Amino acid sequence: MPIFIAAFALAGCGSKNVADPNTVTVWHWMSDRDEAFLELARRFEAETQIKVRFELYAPSEAYAQRVKASAQTNTLPDVYGVLGEKRDFASFINSGYVADLTQALNAADAAGSVWKDGVFEKALSVNEFLPENEYSVKPGIYGVPIDVTTIQMVYNKSNYAKAGLDPEKPPVTWDEFVAHTRVLKEKGIPRMVSGFGEIWMIEALATNFAMNAMGEEKVFDTFRGKVPYTDPDWVRVLGLFKQMADEGMLVEGTVTMVNKTAEQTFANERATYAFNGSWGINVYKGMNPELKYGAMLPPSLVTSRPMKIWGGAGSSFVVNAKSPNAENAMKFLRWLTGPEAQAYLSKETVNLPSSKTALKDVPPVLAEFADDMQNATHPNVYPVHESPVVTEAFNKGIQSILIGEKTPEQIAQEVQRIKEKESKKK
Amino acid sequence: MNLQKARNVLGNYVFVIPAALLFFTFSLYPFFKVFQLSITNWDGISPNMNYIGLANFKDLFFDNPTFWLSMKNAFYVTFLALAIQNLLALFLALICDRDIRGGNVYRVIFYLPPVLSGIVVGLIWNWIYDGNYGLLNHFLSFIGLGDLSRAWLSDSKTALICVAIIHMWKGFGWGFVILLAGLQSIPRDLYEAARVDGANSWVVFKNITAPLMIPVFVLVSILTILGTMQIFDIIIATTGGGPGYHTEVPITRIVSTMIGSSKFGYACAMGVTFGLILLAISMVQIRVSKAMRQV
């Protein structure tokens, strides 16, 4: 019995986030950045005498569940990240778990500099809710980005040279891309890889093509239910994946490949192109430091419209609205997104910094990704979002096209049918 | 005297309370909570839950073909596991039941796959099934069957059976250990008596081993069904449920509904339905086994 009581007492202590007024507790999921975070916490403490305790909970799926469970029991730490889509973020805010940082971000420090001005607007906008947003969240900024990510393409320059292609001239248009892959195929050089087993990667690429082919507004009108998925533009987008399958553009197995494997495949030079995020640079560097590659935008279908890619904030932190340490937590986040901390984080983890001033010190390949930031939009800032059920049907449908099981027209009809069904439920 | 009796009874309850509390907290409460959540539209985050009656169940039964397709996939893998995995386990257990040289080594080898993490096993088999550099394709080319080479896990015709093979490879060790324990509990003098009467191996198996092993067969079958229907980690590590919906199983659907779509209440309804189906299957199986024993 005493053991039992002691166990329960200990369990109680363990589950409760003990508030120490001079310690800011941060929960994160980024195992590759843990050491850098610990060093930054040491530096911050030395500067301010405010202790910061980073706690790592990986992988990200387990982290997301932990945060959700802690929200239910009011045991969230002072600083944490909300993983998931915008609707999850909105639900956290509407439930009172996230502090509004708007005032702090607009406030000037002793030197007169405003926190918000030092951070990339596009990265910050991911954490912003505009007036009359679809989730009924009070307008404001609720999180700060600690890095910036773009999801685009990389190509292997050595493979290009082997195939007799100019390593400094990656394809810009779809036609060029097809032509280049044909040359690579003739030379027996493997072509494109991506983690299409993680279906959101398919969604990212398909959305890039769709935005380019028909323009943002038409894509949003599709989400609103005003344009059907059977529209010729959508069928054309789906047709690109059929062409990828027919031309043998993809490395065998790409359709069910997880992104980690896709990254290994590209790093080991078993693919010439990869559709991947800027985080991949760190992976490639770790696996094959000699890899010669460059960044490129996905090939565009029409040159009159820009090729929009996914990007913006990579990882963001929020402050617990119920935290007794909220003030210190904000102080720490301001410091973490400042030029010095960002430059250190970027150098150590090879990620794009969220601080504008820290950008000048990034490595060359990362700078190429940074150049394409102007084309990046985070899906979270779209004014309207597609139902997850429809999105899943669309992504899975593309997998079916890639394995030659269904045609673009069939998938367009199936997705439209699901869209109509979901619209009726609303 | 009454006071003494009351003290004894109370004392007994005091000893039971810790176990009861643990059981209520970690088993009964979550069990009933899932039922409660299944009739809400809770998103897993908000403190508010709206009761929506049986709407989740109605949608699941009449408007969610993907879930039932995933159920069909799970039944397919389960059928293969029941037939092939358990037969293999029984065959190996029968061999190891004899006093063969190095019997213990075989036991350890056969029991290794089940103790490996499903994710690790999935990643190893990914490498075997790889379309470009996979061992299987390499082997097929070596024996002159290179035409059969393919990306096994990305092909709609082979993805599910490939996942089933991984599951069976990982799972047969459990059945092997349980069946071997069952075989070793059969009194040896029964076999000796049968041999004296001139029975051959098949007759001995049919009339002594099989009837006495029925409870063990039932146990292994139930564990196989419950374990296989809940297959998840191998699929996550290999196909993610794709290509298309070809390797989706109920647990992947529940997880994607819960996390991907933030429909926690709906996912609970899926869980309840799935749990009831498993319960029904187990009940039928126990009844059938009882009937078999009476025969």
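Source: prediction; values computed, not measured.

S.K.: Would you mind showing me how to read the overall build of chain A here?
M.R.: Along its length, chain A carries 18 helices and 14 strands. In summary, chain A has a C-alpha radius of gyration of 23 Å against a globular reference of 22 Å for 426 residues, a match within 12%. Based on the C-alpha atoms only, the size of chain A along its principal axes is roughly 70 × 55 × 55 Å. Counting all 426 residues of chain A, 48% fall into the buried class. At a minimum sequence separation of 6, the contacts of chain A that also span at least 24 residues come to 74%.

S.K.: Quick question: what am I supposed to make of the overall build of chain B here?
M.R.: Regarding its fold elements, chain B presents 12 helices and 0 strands. Reading chain B from its N end, one meets helices and strands in the order α-α-α-α-α-α-α-α-α-α-α-α. For 295 residues, the compact-globule estimate of 2.2 N^0.38 gives 19 Å, and the C-alpha radius of gyration of chain B, at 24 Å, exceeds that figure by more than 25%. The dimensions of chain B, computed from C-alpha atoms along their principal axes, are 75 × 70 × 35 Å. Relative to its full complement of 295 residues, chain B shows a buried share of 35%.

S.K.: How do you make sense of the nonpolar core when you look at a structure like this?
M.R.: The tendency in soluble globular proteins is for nonpolar side chains to be buried as a group. Leu 101, Ala 210, Ala 274 and Leu 333 of chain A are the most contacted members of the largest nonpolar core, which has 120 residues in total. Looking at which element gives the most residues to this core, the answer is helix 9 (residues 199-214) of chain A, with 11 residues. Each of domain 1 (17-146 + 314-354) and domain 2 (150-311 + 384-425) of chain A gives at least three residues to this core. The next biggest cluster of nonpolar side chains, apart from the first, holds 50 residues, and it includes Ala 81, Cys 96, Phe 110 and Ile 235 of chain B.

S.K.: Looking at this model, I keep getting lost on the interface of chain A and chain B. Mind explaining?
M.R.: Many structure descriptions define interface size as the accessible area lost when the parts assemble. Facing 28 residues of chain A, the contacting portion of chain B comprises 25 residues. Elements with a minimum of two residues in the side of chain A that touches chain B: helix 3 (60-72), helix 4 (86-94) and helix 17 (388-402) of chain A. Tallied by class, the residues present in the side of chain A that touches chain B amount to 10 nonpolar, 9 polar and 9 charged.

S.K.: Quick question: what am I supposed to make of the pairing of strand 1 (residues 23-28) of chain A here?
M.R.: On any regular strand, side chains alternate: one points to one face of the sheet, the next to the other face. All names here are of chain A. Of all the 6 residues making up strand 1, 5 are buried; the element is thus mostly covered by neighbouring parts of the structure. Note: strand 1 against strand 2 (residues 51-56), 6 bridges, orientation parallel. Paired with Thr 25 across the strands is Arg 53, a residue of strand 2. On the question of chirality, the crossover connecting strand 1 to the parallel strand 2 by way of helix 2 (residues 34-48) is right-handed.

S.K.: Before we go on, may I ask you to explain helix 17 of chain A in this structure?
M.R.: In an α-helix there are 3.6 residues to a turn, and that puts residues three or four apart on one side. Residues and elements named next belong to chain A. Helix length check: helix 17, at 15 residues, gives a terminal C-alpha distance of 21 Å against a target of 21 Å (1.5 Å per residue), a fit within 8%. Counted residue by residue, helix 17 has 13 buried out of 15 residues, so it is predominantly covered. Immediately downstream of helix 17, the backbone of Gly 404 shows phi near 75°, a positive value.

S.K.: What is the right way to look at the domain arrangement of chain A in this model?
M.R.: Residue and element names in this part refer to chain A. According to the domain assignment, chain A consists of domain 1 (17-146 + 314-354) and domain 2 (150-311 + 384-425). On a C-alpha basis, the centroid separation for the pair domain 1 and domain 2 is 32 Å. Across the contact, 7 residues belong to domain 1 and 7 residues belong to domain 2. Its residues assigned to classes, the side of domain 1 that touches domain 2 shows 2 nonpolar, 2 polar and 3 charged.

S.K.: I keep staring at the confidence of the model for chain A and nothing clicks. Help me out?
M.R.: If pLDDT is low for a region, its predicted coordinates should not be looked at in detail. In this model, chain A carries an average pLDDT of 90, and 95% of its residues clear a pLDDT of 70 or more. In the model, residues 1-18 of chain A has pLDDT below 50 throughout and makes 7 contacts with residues more than four positions away in sequence or in other chains.

S.K.: Any chance you could explain the environment of Pro 232 of chain A here in plain terms?
M.R.: Residue and element names in this part refer to chain A. If you trace the backbone, Pro 232 turns up in helix 11 (residues 232-246). Classification of Pro 232 as exposed rests on a count of 11 C-beta atoms within 10 Å. C-alpha separation for the pair Pro 232 and Phe 209, spaced 23 residues apart in sequence, amounts to 13 Å.

S.K.: Could you clarify how one ought to interpret the packing of helix 9 of chain A against helix 10 (residues 216-224) of chain A in this entry?
M.R.: What describes two packed helices is the angle between their axes and the distance between those same axes. Residue and element names in this part refer to chain A. Orientation of helix 9 relative to helix 10, taken along the N-to-C sense of each, is 115°, at an axis distance of 6 Å. Residues Ala 210, Met 211 and Met 214 of helix 9 touch helix 10, and the partners they reach there are Glu 216, Lys 218 and Val 219. Grouping the constituent residues of the contact of helix 9 with helix 10 by class yields 4 nonpolar, no polar and 2 charged.

S.K.: When you look at unusual backbone geometry in this model, what are you seeing that I'm missing?
M.R.: Most of the time, phi is negative for any residue but glycine, and the peptide bond is trans. Residue Pro 59 of chain A follows Ala 58 of chain A across a cis peptide bond; omega there is 0°. Here Pro 59 of chain A lies in the loop between strand 2 and helix 3. Between Gly 242 of chain B and Pro 243 of chain B the backbone carries a cis peptide bond, its omega angle lying at -5°. Looking at the element boundaries, Pro 243 of chain B is found in the loop between helix 10 (233-238) and helix 11 (250-260). The residue Asn 74 of chain A is not glycine, and still its phi comes out positive at about 55°. Structurally, Asn 74 of chain A is set in the loop between helix 3 and strand 3 (79-80). On the neighbour-count criterion, Asn 74 of chain A (12 C-beta atoms within 10 Å) is exposed. Phi is positive for Val 350 of chain A, close to 50°, though the residue is something other than glycine.

S.K.: Would you explain the packing of helix 9 of chain A against helix 17 of chain A in this entry?
M.R.: Residues and elements named next belong to chain A. Where helix 9 meets helix 17, the axes come as close as 9 Å, and the angle between the chain directions of the two elements is 90°. For the element pair helix 9 / helix 17, the angle class is roughly perpendicular. Here Ile 199, Ile 202, Glu 203 and Ala 206 of helix 9 lie close against helix 17, whose contacting residues are Thr 391, Glu 392, Asn 395, Lys 396, Ile 398 and Gln 399. Tallied by class, residues from the contact of helix 9 with helix 17 come to 4 nonpolar, 3 polar and 3 charged.

S.K.: When you look at the environment of Asp 147 of chain B in this model, what are you seeing that I'm missing?
M.R.: Residue and element names in this part refer to chain B. Structurally, the position occupied by Asp 147 is in the loop between helix 6 (135-142) and helix 7 (159-184). Since 8 C-beta atoms lie within 10 Å of it, Asp 147 is described here as exposed. C-alpha separation for the pair Asp 147 and Asn 137, spaced 10 residues apart in sequence, amounts to 9.3 Å.

S.K.: Before we go on, may I ask you to explain the environment of Pro 171 of chain A in this structure?
M.R.: Its location among the elements puts Pro 171 of chain A in the loop between helix 7 (157-162) and helix 8 (174-186). The sequence separation of Pro 171 of chain A and Lys 308 of chain A amounts to 137 residues, and the corresponding C-alpha distance is 16 Å.

S.K.: Sorry if this is basic, but what is going on with the confidence of the model for chain B here?
M.R.: Considering every residue of chain B, the mean pLDDT works out to 91; 99% of them sit at 70 or more. Complex prediction metrics read pTM 0.84 and ipTM 0.81.

Here is what the cut-offs are and how they apply
Residues numbered from 1 in each chain as written. Chains lettered and ligands numbered in written order. Predicted model: local features only at pLDDT ≥ 70, side-chain atom pairs only at ≥ 80, totals over all residues. Helix = DSSP H or I, 4+ residues; strand = E, 2+ residues; numbered from the N terminus. Rg over C-alpha atoms; globule rule 2.2 N^0.38 Å. Buried ≥ 20, exposed ≤ 12 C-beta atoms within 10 Å, placed from the backbone. Contact = placed C-beta atoms within 7 Å. Core = buried A, V, L, I, M, F, W, Y, C linked by C-beta atoms within 7 Å. Domains from an automatic or database assignment. Nonpolar A, V, L, I, M, F, W, Y, C, P; charged D, E, K, R; others polar. Pairing = 2+ DSSP bridges. Right-handed = clockwise from strand over helix to strand, strands pointing away. Expected span 1.5 Å × (residues − 1). pLDDT = per-residue confidence, 0-100. Axes fitted to C-alpha atoms, helices over the stretch in contact; angles between N-to-C directions. Parallel < 35°, antiparallel > 145°, perpendicular 65-115°, else oblique.

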